[in-house]
Amino acid sequence: MATNRTLTMIKPGAIRNGHAGAILAQIQAAGFKIIAMKYTKLSAEKAGEFYAVHKERPFYGELVDFMSSGPIVAAVLEKDNAIADFRELIGATNPADAAEGTIRAKFATSIGENAVHGSDSDENAHIESNFHFAATEMFA
Ligand code: ADP
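Here we summarise the structure given alongside this text. (Residues numbered from 1 in each chain as written. Predicted model: local features only at pLDDT ≥ 70, side-chain atom pairs only at ≥ 80, totals over all residues. Heavy atoms only, no water.)

Digging into the site of the ligand
Taken together, Lys11, His54, Phe59, Glu62, Leu63, Arg87, Thr93, Arg104, Ile111, Gly112 and Asn114 make up the full set of residues adjacent to the ligand. Arg87 is positioned with one of its side-chain polar atoms (N or O) 2.8 Å from an oxygen atom of the ligand. The separation between an oxygen atom of the ligand and a polar side-chain atom of Arg104 is 3.1 Å. Contact with the protein chains covers 79% of the free accessible surface of the ligand, which is 530 Å². Of the residues belonging to the shell around the ligand, the class tally is three nonpolar, four polar and four charged. (Near = heavy atom within 4 Å. Polar contact = N/O pair within 3.5 Å; in protein donor to acceptor, adjacent residues only side chain to side chain. Areas by Shrake-Rupley, 256 points an atom, 1.4 Å probe, with all protein chains shown as cover. Nonpolar A, V, L, I, M, F, W, Y, C, P; charged D, E, K, R; others polar.)

Here's what the structure looks like:
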């Protein structure tokens, strides 16, 4: 299992607000290499599956509705220490708590509509990469 990869999604709100290009530029400027990428849209069923770990949380329905409300960019990123470095680049879940200059501080509008996803562990990066991409769609 790769330990230097993470899975990101640029969420529907950030796409709608025209920030996809700026977010990808910030990701690449931070030294992440794009291994796989697609512009796609999750059905409510697929969004629910991706966030199944949050099923019992009060915001689950809102999260599934939002994540299936429009297109996303999904990408697999590679860098040494990818999980931790990407979490640092995107900032805290709630943009109000996100450090200045982080992607969420710059582009998120609320805790629910927080611009980007980043995997929280190597294991989840692997699962989430395979959720979005076939092996033939990833280019190391
Ligand atoms: P992260 O995406 O930073 O890893 P979590 O895994 O805790 O954060 O939550 C997954 C996603 O669920 C968040 O990115 C956010 O979109 C949404 N979310 C988390 N907490 C809340 C909340 N209190 N209210 C609304 N949405 C939330």
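There is more to say, and it comes next.
Some thoughts on the packing of aromatic side chains
Counted under the stated rule, the structure contains three aromatic pairs. Centre to centre, the rings of Phe32 and Phe86 are 5.3 Å apart; their planes meet at 85 degrees, and the pair counts as edge-to-face. You can see Phe32 sitting in the loop between helix 2 (20–29) and strand 2 (33–40) and its partner Phe86 sitting in helix 5 (residues 82–90), a full 54 residues away along the chain. Pair check on accessibility: Phe32 and Phe86 agree, each one buried. Taking the centre distance of 5.2 Å and the plane angle of 75 degrees together, the rings of Phe50 and Phe131 count as edge-to-face. You can see Phe50 sitting in helix 3 (residues 44–50) and its partner Phe131 sitting in helix 7 (residues 122–132), a full 81 residues away along the chain. Classification of Phe50 by relative accessible area gives buried; the value is 11%. Here a set of aromatic residues connected by ring pairs shows up, and it is made of Phe50, Tyr51 and Phe131. Here the basic side chain of Lys46 rests over the ring of Phe131, its NZ or CZ set 4.5 Å away from the ring centre. For the cation-ring pair, Lys79 lies above Phe32, with the distance from its terminal atom to the ring centre recorded as 5.6 Å. (Phe/Tyr/Trp six-rings, centres within 6.5 Å; stacked < 30°, edge-to-face > 60°. Helix = DSSP H or I, 4+ residues; strand = E, 2+ residues; numbered from the N terminus. Buried < 20%, exposed > 50% of the residue type's maximum accessible area, 1.4 Å probe, protein only. Lys NZ or Arg CZ within 6 Å of the ring centre and 35° of its normal.)

What about the pairing of strand 3 (residues 72–78)?
Of all seven residues in strand 3, six are buried; the element is thus mostly enclosed. Pairing of strand 1 (residues 5–10) with strand 3 involves six bridges; the strand directions are antiparallel. Within strand 3, the residue paired with Arg5 across the bridge is Glu78. Relative to strand 3, strand 2 is paired through seven bridges, and the arrangement is antiparallel. Note that in strand 3 the partner of Thr40 across the bridge is Ile72. (Pairing = 2+ DSSP bridges.)

Examining the environment of Gly31
Positionally, Gly31 belongs in the loop between helix 2 and strand 2. Spatially, the C-alpha atoms of Gly31 and Ile15 are 22 Å apart, while their sequence positions differ by 16 residues. Here Gly31 is in contact with Glu78 and Lys79, once residues within four sequence places are set aside. (Contact = heavy atoms within 4.5 Å.)

Considerations on the environment of Ala84
Mapped onto the elements of the fold, Ala84 is located in helix 5. On the basis of relative accessibility, which here comes to 40%, the residue Ala84 falls in the partly exposed class.

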